[in-house]
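# Results of the structural survey
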Protein chains: 4
Amino acid sequence: MRIGVLTAGGDCPGLNAVIRSVVHRAVAAHGDQVIGFEDGYKGLLDGYYRPLDLTGVSGILSRGGTILGSARLEKGRLEDAVANAPALAKKLGIDVLIPIGGEGTLTAARMLSDAGMPVVGVPKTIDNDINATDRTFGFDTAVGVATEAMDRLKTTAESHQRVMVVEVMGRHAGWIALESGMAGGAHGICLPERPFDPADLVKMVEERFARGKKFAVICVAEGAHPIDGSMDYGTGEIDQFGHERFKGIGTALAHELEHRLGKEAKPVILGHVQRGGTPTAYDRVLATRFGWHAVEAAHRGEFGKFTALRGTDIDMVPLADAVSELKTVPEYRMAEAESVF
Amino acid sequence: MRIGVLTAGGDCPGLNAVIRSVVHRAVAAHGDQVIGFEDGYKGLLDGYYRPLDLTGVSGILSRGGTILGSARLEKGRLEDAVANAPALAKKLGIDVLIPIGGEGTLTAARMLSDAGMPVVGVPKTIDNDINATDRTFGFDTAVGVATEAMDRLKTTAESHQRVMVVEVMGRHAGWIALESGMAGGAHGICLPERPFDPADLVKMVEERFARGKKFAVICVAEGAHPIDGSMDYGTGEIDQFGHERFKGIGTALAHELEHRLGKEAKPVILGHVQRGGTPTAYDRVLATRFGWHAVEAAHRGEFGKFTALRGTDIDMVPLADAVSELKTVPEYRMAEAESVF
Amino acid sequence: MRIGVLTAGGDCPGLNAVIRSVVHRAVAAHGDQVIGFEDGYKGLLDGYYRPLDLTGVSGILSRGGTILGSARLEKGRLEDAVANAPALAKKLGIDVLIPIGGEGTLTAARMLSDAGMPVVGVPKTIDNDINATDRTFGFDTAVGVATEAMDRLKTTAESHQRVMVVEVMGRHAGWIALESGMAGGAHGICLPERPFDPADLVKMVEERFARGKKFAVICVAEGAHPIDGSMDYGTGEIDQFGHERFKGIGTALAHELEHRLGKEAKPVILGHVQRGGTPTAYDRVLATRFGWHAVEAAHRGEFGKFTALRGTDIDMVPLADAVSELKTVPEYRMAEAESVF
Amino acid sequence: MRIGVLTAGGDCPGLNAVIRSVVHRAVAAHGDQVIGFEDGYKGLLDGYYRPLDLTGVSGILSRGGTILGSARLEKGRLEDAVANAPALAKKLGIDVLIPIGGEGTLTAARMLSDAGMPVVGVPKTIDNDINATDRTFGFDTAVGVATEAMDRLKTTAESHQRVMVVEVMGRHAGWIALESGMAGGAHGICLPERPFDPADLVKMVEERFARGKKFAVICVAEGAHPIDGSMDYGTGEIDQFGHERFKGIGTALAHELEHRLGKEAKPVILGHVQRGGTPTAYDRVLATRFGWHAVEAAHRGEFGKFTALRGTDIDMVPLADAVSELKTVPEYRMAEAESVF
């Protein structure tokens, strides 16, 4: 069998572990050939690829990023590709394509699959917001980085009687904020799923100071937003959903709290450190299992599906399920977090 | 409600996170009283306990070990306790007992429960071998420590063309060896579940050297054992299961491989570093959720059960299910690991 | 002997290690009494303090921040204190004061000392910019945090062919940028000591891309500034030194580079994570030694001095030497760094 | 100029950073050619080498081990090499040899230098026992690994009221034990430099338990030994210095303490994890500076010397000074450590 692999979308710790696993399983167990397309779908369309063998994936298990690169593709080009999917596969001589990516990548994968290209997807998102899989790799690493930052910030907050506002990734789903906030012992968590009221945070901080705990750490997802009209530090602009836009919610919230509390409140924007670097053991194992099962599915001819963690097993799930809707944080998970503030 | 908490058995990163979560949920949300028994069941029987409030659990989320201590109990004493369980609960004035522990602890919990004491259990084992829960806290931390050690050992093995044999925890179940071996990129994994043949490892190492990869890392669970009669470095004694005893399988295997291969093979015994120290974010979140759900179960009067992770949810499962049989590594998980050697 | 300790200025990993060491050496070896003033000089003036014994400093060696707190003092109040220094020492019953702090703290210490209070200082600055000591504790931790961030950012930069601009601490001295830039393998380093020309960075990035290394990481100290008039993204305001002000040099530089290069350039502002959390082993050892030597100097009556690392030894140096001028990065250190870009 | 580089002796985090720095400085700043000999002096004698350019050292700054390999050489072969040193250099076409290694390597370097080969050495030892340099790279990483292990072990020791004996590297000098013991907050430290009396450790543990601190961590260098005749768990054999031999001092000491105290005492042998893996920022900076200065010395024709850290500067020191005597832990450093037990 000849297998094509590509990584698309934002990078994520564990991508290399999937690539390595695909190559090991395909080459060593099945005697397959594997080729890797450069820079995501771009390499697929332009025919830029390189053969991947055991030597080519040696030492990448613990490395962040992706050895194949990842780049955005203009929309029109993908549609052309979809129109010519079977011809494209034939031209490249691949029996199956294994695209590793997020919602956009899997949507494209589904289109290619519907158009006749044999595809087995592997889901990837640091945000953990893909439906139909319990977890995605990269998420655990991001949560770990954010938690370690909060561990560090707590000691400095405590020494200076400060409020710290830590902005973590999560534009549409608050999983990183939820879990790193719980793990880091944050005293407030703001998620995109539920508009927050700055007044609640002010009250929480004041109560803490009143009982002698003279610091607080608040964990806010980059996509969180306040109840409309509740904060002064917005841009005044209104976004497509009718909410006020903020120029960095972490910074805006820190200003708002400092203003209201009359106490120092400092923002820390974690940014890209959350998505780079060595994956955690958890992410390496999950990514390795995903790669293994993708190859097995390919050999069983189980196309049009993607690998998904369900409990402790890896199942194959229709690509349509990945993109039907975003997996957001349900209310009961938020309730669990709130009780340990 | 008045809730008694205790931690029993070997320590495990995340114990303090459970205690903290129980106290937060019980005190802040329900207005309960919480008392913590010292040194496991010993404190319960001897009536050594202390009240636990928000201040008492401040700052312990990220701390390893258990602030309540943990100690073994003579068998007879527990049986007495079981015989007098309801009276004991009454004397201590507790409405529910939340014991946090492994198989032994949960077996005792079940006996107390059957004898009439209201009990809600929280499972704990670094080995991840408790049935009926997808994962236990502490396991992720142990796997992380072992993986980091393998990351380090690989570079030194490679520089010196050496074989490294890393012995990790796991007396009866090989989960830590399986997952840290996969995550650390080990070239061989030996589990208690399946006797290994040293000849296979010799072959693997020789093949690696033949294709220019002049080093190897082998991950072996402390409870792994070779096929009977296959290794020279045993003690000659026969254990209760009819197998030869080895004085440290990691050391014995390294000697055996060095002898057979004529190449340096060094053992590294990770030991107790795997069970101490700061829990990973994953373990803190799981432990916190377990504590939360234990308190809620207590308030619903759902006794005789323990908290279990099922997919992404925490369910309540009968204590009997925890101890019916050990959760060991199934063949298909081992097959996944083998393909990336 | 009765010893007073205080921590002043910004917090710094290792403060608690100094406090613990002072208490251990003073109490266990000399039978001294130790008291700790709360919130820096404020506690000294207001007489807020608590006795510190072995139990009180148990477990703090590895904890960031300071158990004594730290706060700013209005200028006038300190002058009053200086005027009444001997009386104050007498009132508090202390035979020696050990203030742990940065340039400001040691200047105040010197004034108190000159006014007749027996003082032994311990230098503290995350920026490593105190003269007369080879290193200060906290610096190694800050460099470690920044280096780990750059390790992570490199993989994500490489996967996306991006430029990353990492802003680290260092308002007046660029030591953190220099050493974390070298350790993190940055391709450009900007220090406060030497105005940089954005054109040089543009050239470096273009040369890298030309030879196939399609990413770059630039490490910039928060106090670095461009050659006057060389950057578009400034605020237009002129500061007290006649230079244009920038609203966050990291963000401004990323914008400038993105604009000039026509490639993605992202800022990451590390901020307070650099100064919180567990100190490195290096910082714990240095802090512990400083504490030990401060107590010994006090017992020898060697007042008006502070502890300093000189090679491998701890010497006692006149307080005046600490504050005579800032220790900035010399040209030859910058030259060493430049050759590995 | 044509520069030959080799790494010899045990591996050490930072070796790759030196190689990278040599190549960057030599190639980019001076237009030199650099070749790397494989497996230490063996590659030099057998003529196994490869050219090293910027691409060849890309990405190795943070990697442990050595890309050049390291192997032992039979003694006779080196003597032959020394006899023909100038001819050998001529045959290989190298203008200077930069050997990176420990005492043995630098002794050989000195012999080659005396015999007429232009040599500039770079000192390397995880043990920090080379005279004439304040520190060697690799040491900080080893101390960091050992300290983190002790941080972890403390929590498990405390939970179970146990004594932990941690054996760290250091056959002839106790620097790793000294600094990791101080940083990890050990309650006892045993060094090769001073025979210890198990009775002192017993007394220390009993006093701790008496005042309610019911655990202890003891850090012992692998080369530490007890006062003759003071311990039961030796092998009975007498070594070349007239002392009894112990089969692993950590394990023997744990047995001895368990026997004398009647309390659980567990050994943890850290072993090779101390010398593998990613170097700390400190070690990367020091290694990078050493490489830079070695190239500069070569260009100045300053042969027969090695790079040494003196305070904050890198000096060139005669090779003879490196090997005149071992740098051991002086009494006053031990005294500093003892006061914080």
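Description of the structure in this document. (Residues numbered from 1 in each chain as written. Chains lettered and ligands numbered in written order. Predicted model: local features only at pLDDT ≥ 70, side-chain atom pairs only at ≥ 80, totals over all residues. Heavy atoms only, no water.)

### Describing the interface of chain D and chain C
Definition in use: Any two residues having at least one pair of non-hydrogen atoms within 4.5 Å are treated as being in contact. The term salt bridge refers to a side-chain nitrogen of Lys or Arg lying within 4 Å of a carboxyl oxygen of Asp or Glu. N or O atoms closer than or at 3.5 Å make up a polar contact, with two conditions inside protein: a donor-capable atom paired with an acceptor-capable one, and, for residues adjacent in sequence, both atoms drawn from side chains. Three classes are used: nonpolar for Ala, Val, Leu, Ile, Met, Phe, Trp, Tyr, Cys and Pro, charged for Asp, Glu, Lys and Arg, and polar for all others, with Gly counted as polar.
Taken together, the contact pairs 40 residues of chain D with 40 residues of chain C. Counting across the chain D and chain C interface gives four salt bridges. The residue Arg 284 of chain D makes a salt bridge to Asp 151 of chain C at a minimum N-O spacing of 2.8 Å. Where chain D meets chain C, there are twelve residue pairs in polar contact (both at pLDDT 80 or more). Residue composition of the side of chain D that touches chain C, grouped by class: 13 nonpolar, 13 polar and 14 charged.

### Quick look at unusual backbone geometry
For clarity, the cut-off: In this description a helix means any DSSP run of H or I spanning at least four residues, a strand means any run of E spanning at least two, and both kinds are numbered starting from the N terminus. Relative accessibility thresholds used throughout: buried, under 20% of the residue-type maximum; exposed, over 50%; partly exposed, between the two (1.4 Å probe, protein chains only).
Positive phi is not limited to glycine here, since Gln 161 of chain A has a value of about 55°. Among the secondary structure elements, Gln 161 of chain A is positioned in the loop between α6 (139–160) and β6 (163–168). Taking the relative accessible area as the measure of exposure, Gln 161 of chain A reaches 32% and is therefore partly exposed. In this structure, Asp 39 of chain C is a non-glycine residue whose phi angle is positive, near 55°. The residue Asp 39 of chain C is located in the loop between β2 (33–37) and α2 (41–46) in this model.

### Digging into the pattern of salt bridges
Under the criterion given, the structure shown has 84 salt bridges over all chains. Taking the shortest distance from any N to any O, the salt bridge between Glu 222 of chain C and Arg 171 of chain C comes out at 3.8 Å. Of this pair, Glu 222 of chain C sits in the loop between β8 (216–221) and α9 (249–261) while Arg 171 of chain C sits in the loop between β6 (163–168) and α7 (175–183); the two residues are 51 residues apart in sequence, bridging distant segments of the chain. Taking the relative accessible area as the measure of exposure, Glu 222 of chain C reaches 28% and is therefore partly exposed. Among the charged side chains, a salt-bridge network with shared partners connects Arg 135, Asp 140, Glu 179, Arg 333 and Glu 336 of chain A together with Arg 289 of chain B.

### Digging into the arrangement of the chains
At their nearest point, the C-alpha atoms of chain B and chain C are still 11 Å apart, with no contact between the two. Separated in space, chain A and chain D share no contact, their closest pair of C-alpha atoms being 11 Å apart.

### Some words on the packing of aromatic side chains
Heads up, the rule is: For this analysis, a ring pair means two rings from Phe, Tyr or Trp (six-membered ring only for Trp) whose centres lie within 6.5 Å, classed as stacked if their planes differ by under 30 degrees, edge-to-face if by over 60, and tilted for the remaining angles.
Applying the stated criterion across every chain yields a total of ten aromatic pairs over all chains. Note on Phe 37 of chain A and Tyr 49 of chain A: the rings are 5.8 Å apart at their centroids and 75° apart in plane angle, and the pair reads as edge-to-face. One end of the pair, Phe 37 of chain A, is in strand β2 (residues 33–37); the other, Tyr 49 of chain A, is in strand β3 (residues 49–51), and twelve residues separate them in sequence. When its relative accessible area of 0% is taken as the criterion, Phe 37 of chain A is described as buried. For Tyr 49 of chain A, a relative accessible area of 36% translates into the label partly exposed. An angle of 65° between the planes, with centres 6.3 Å apart, marks the rings of Phe 137 of chain B and Phe 290 of chain B as edge-to-face. Separated by 153 residues along the polypeptide, Phe 137 of chain B in the loop between β5 (120–123) and α6 (139–160) and Phe 290 of chain B in helix α10 (residues 281–300) bring together distant segments of the chain.

### Description of the relation of the copies chain B and chain A
Heads up, the rule is: Least squares is used to superpose the copies, and the fit set is the C-alpha atoms of residues whose pLDDT is at least 70 in both copies.
For the match of chain B to chain A, the screw axis carries a shift of 0.0 Å, the RMSD comes to 0.0 Å, and the turn is 180°. The superposition operator between the copies reduces to a two-fold rotation axis. Measuring from the rotation axis to each C-alpha of chain B, the shortest distance belongs to Gly 311 of chain B, at 1.9 Å. Same-surface contact between copies: 100% of interface residues of chain B are shared with the interface of chain A.

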